[in-house]
Amino acid sequence: MDLNLPEDVRMFGDTVRRFVQRELDPIADEVEESGHIPEAVVQSMRDLGLFGLVIPEQYGGLDLSAVGLCVVMEELSRANLCFRILITTNNGIGSLGLLYAGTEEQKRRHLPPLASGEKIGCFALTEPEAGSDAASLRTTATATADGDHYILNGSKIWITNADRADYFTVMATVDRKLGSKGLTAFWVERDTPGLTIGRIEPKMGLHGTQVAEVILEDCRVPTNARLGAEGEGFGLAMRVLDHGRLSIAASAVGAAQRLVEAMIDHANTRVQFGKPIARNQAIAWMLADSATEIEAARGLVRMAAWKKDQGERVTRECSMAKLYCTEMACRVADRAVQVFGGMGYMRGNIAERYYRDLRVYRLYEGTSEIQRLVIARQLLNP
Ligand code: COS
């Protein structure tokens with residue numbers, strides 16, 4: 001594994017860092033308060049090519065390597081995690097089902113507007129009764145007698161970006177008795193009759209991005225909206241989630257890095273008992289532990305990404321990276337609140353916001369417990 005970043009990746013990472021400092025950092029709190037990212041900023045993100053990071057060049061994207069994607073995810077997570085979350089659906093769970101299993105015609109039609117950011121994608125897997133046990137989902141896909149269409153019925157919850165999405169990768173079952181072997185993926189466009197967006201759920205953090213219910217009521221989609229064959233949906237969802245987990249891991253590293261920098265600034269300037277609090281070993285050790293864990297986490301992310309770029313299956317490595325990095329980032333956020341003291345508990349403080357926002361990283365795209373299950377299964381049945 002080459003520990004040096006390729007020159008083009010390093011340069012693009014620097015460009016994104018400057019963009020984050022110039023355009024995203026100043027509005028990080030505003031986005032938290034208003035609940036949305038201003039359109040002018042979304043346009044700047046489009047202009048930088050951020051919506052098409054992993055989409056191949058022939059469909060208008062930047063065709064970035066996994067290592068490159070992880071570097072960008074780190075940088076984009078340094079102001080407010082909501083910026084990464086807007087970008088990540090088009091560069092991950094909202095586009096990869098199509099990229100991995102779509103026909104050439106489906107890809108030519110739908111990938112360019114995703115790459116440009118003109119359209120937004122999302123991933124509709126989770127249901128009220130099917131969270132960790134994804135294979136038990138209840139949304140049905142029933143083929144019509146003429147074989148030209150499927151009728152989708154069911155409901156999905158907590159779907160990130162559903163409120164603004166144009167495309168939905170919907171997981172449904174053609175036969176519940178088949179378990180995971182019945183799952184089938186569909187590419188559903190927003191204006192399809194029978195698809196409606198339900199309640200936007202209030203949540204603990206990530207206030208600048210929304211999760212919503214997606215309701216499918218006799219939603220009629222053409223057979224050519226299916227991604228891959230009947231029964232291939234579960235494996236496809238898992239492959240997409242492998243990628244999503246790596247992206248979250250990289251984001252957790254970026255967030256933790258930003259927090260440790262904020263802790264250092266504060267510890268150097270906050271004076272108590274006549275000296276900066278950084279001169280207390282209790283504080284200095286929290287900084288040392290955080291910085292050490294961040295380096296370890298970054299190494300895990302880069303290793304998984306590098307292996308992915310070599311074409312290896314990285315299910316275990318992605319789960320390891322997500323498990324370690326998200327748990328680590330939450331530990332760092334907890335220490336950040338501690339170092340800031342009372343200030344760290346107050347609205348408007350960076351530690352307070354990241355403490356709430358990062359908590360979901362240990363839950364979504366597979367809880368820490370599910371990551372352990374995936375890792376253990378791979379160890380026990382290599
Ligand atoms: N890549 C490709 N194929 C995969 C795979 C992966 N990463 N993981 C599993 N599969 C395949 C398996 O090989 C198996 O195929 P065969 O039956 O042909 O052998 C099939 O999928 C079923 O796998 P498994 O038996 O492991 O399925 P389980 O029902 O036991 O579920 C877990 C596995 C728990 C890992 C899965 O349901 C999961 O990841 N749950 C969490 C879901 C999640 O992240 N939800 C968040 C939604 S997005 S916010």
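Residues numbered from 1 in each chain as written. Predicted model: local features only at pLDDT ≥ 70, side-chain atom pairs only at ≥ 80, totals over all residues. Heavy atoms only, no water.

**What about the domain arrangement of the protein chain?**
Move 1: Taken domain by domain, the protein chain consists of domain 1 (7–116), domain 2 (121–231) and domain 3 (235–380).
Move 2: Once you take the C-alpha centre of each, domain 1 and domain 2 turn out to be 23 Å apart.
Move 3: In this complex, domain 1 contributes 23 residues to the contact, which on the side of domain 2 involves 20 residues.
Move 4: Here domain 1 and domain 2 share an interface that buries about 1,700 Å² over both sides, 56% of which is from carbon and sulfur atoms.
Move 5: One can count 1 salt bridge joining domain 1 with domain 2.
Move 6: In this structure, Glu189 and Arg109 form a salt bridge, with 3.1 Å as the shortest nitrogen-oxygen distance.
Move 7: Applying the counting rule to domain 1 against domain 2 returns 11 residue pairs in polar contact (both at pLDDT 80 or more).
Move 8: Only helix H2 (28–34), helix H5 (81–90), helix H6 (96–101) and helix H7 (104–116) provide two or more residues apiece to the side of domain 1 that touches domain 2.
Move 9: Per element, the largest residue contribution to the side of domain 1 that touches domain 2 is 6 residues, and it comes from H5. (Domains from an automatic or database assignment. Contact = heavy atoms within 4.5 Å. Buried area = accessible area lost by both parts, 1.4 Å probe. Salt bridge = Lys/Arg side-chain N within 4 Å of Asp/Glu carboxyl O. Polar contact = N/O pair within 3.5 Å; in protein donor to acceptor, adjacent residues only side chain to side chain. Helix = DSSP H or I, 4+ residues; strand = E, 2+ residues; numbered from the N terminus.)

**A look at empty space enclosed by the protein**
Take a probe with the size of a water molecule and roll it over the atoms, and the empty space left behind shows itself.
Move 1: Scanning the model with the defined rule gives 1 cavity of 30 Å³ or more in all.
Move 2: Here the largest cavity is characterised by a volume of approximately 40 Å³.
Move 3: Taken together, Arg84, Thr88, Asn91, Gly92, Ile93, His243, Gly244, Ser247, Ile248 and Glu365 form the lining of the largest cavity.
Move 4: For the lining of the largest cavity, the elements supplying multiple residues, two or more each, are H5 and helix H8 (233–269).
Move 5: Take the lining of the largest cavity: its biggest share by element is 4 residues, from H8.
Move 6: Residues of the lining of the largest cavity, tallied by class, amount to 2 nonpolar, 6 polar and 2 charged.
Move 7: Built from parts of two domains, the lining of the largest cavity gets at least three residues from each of domain 1 (7–116) and domain 3 (235–380). (1 Å grid on protein atoms, 1.4 Å probe; cavity = no way out; pocket = protein on both sides within 12 Å on 5 of 7 lines; lining within 4 Å. Points joined across faces, edges and corners; volume = space filled by probe spheres on them. Nonpolar A, V, L, I, M, F, W, Y, C, P; charged D, E, K, R; others polar.)

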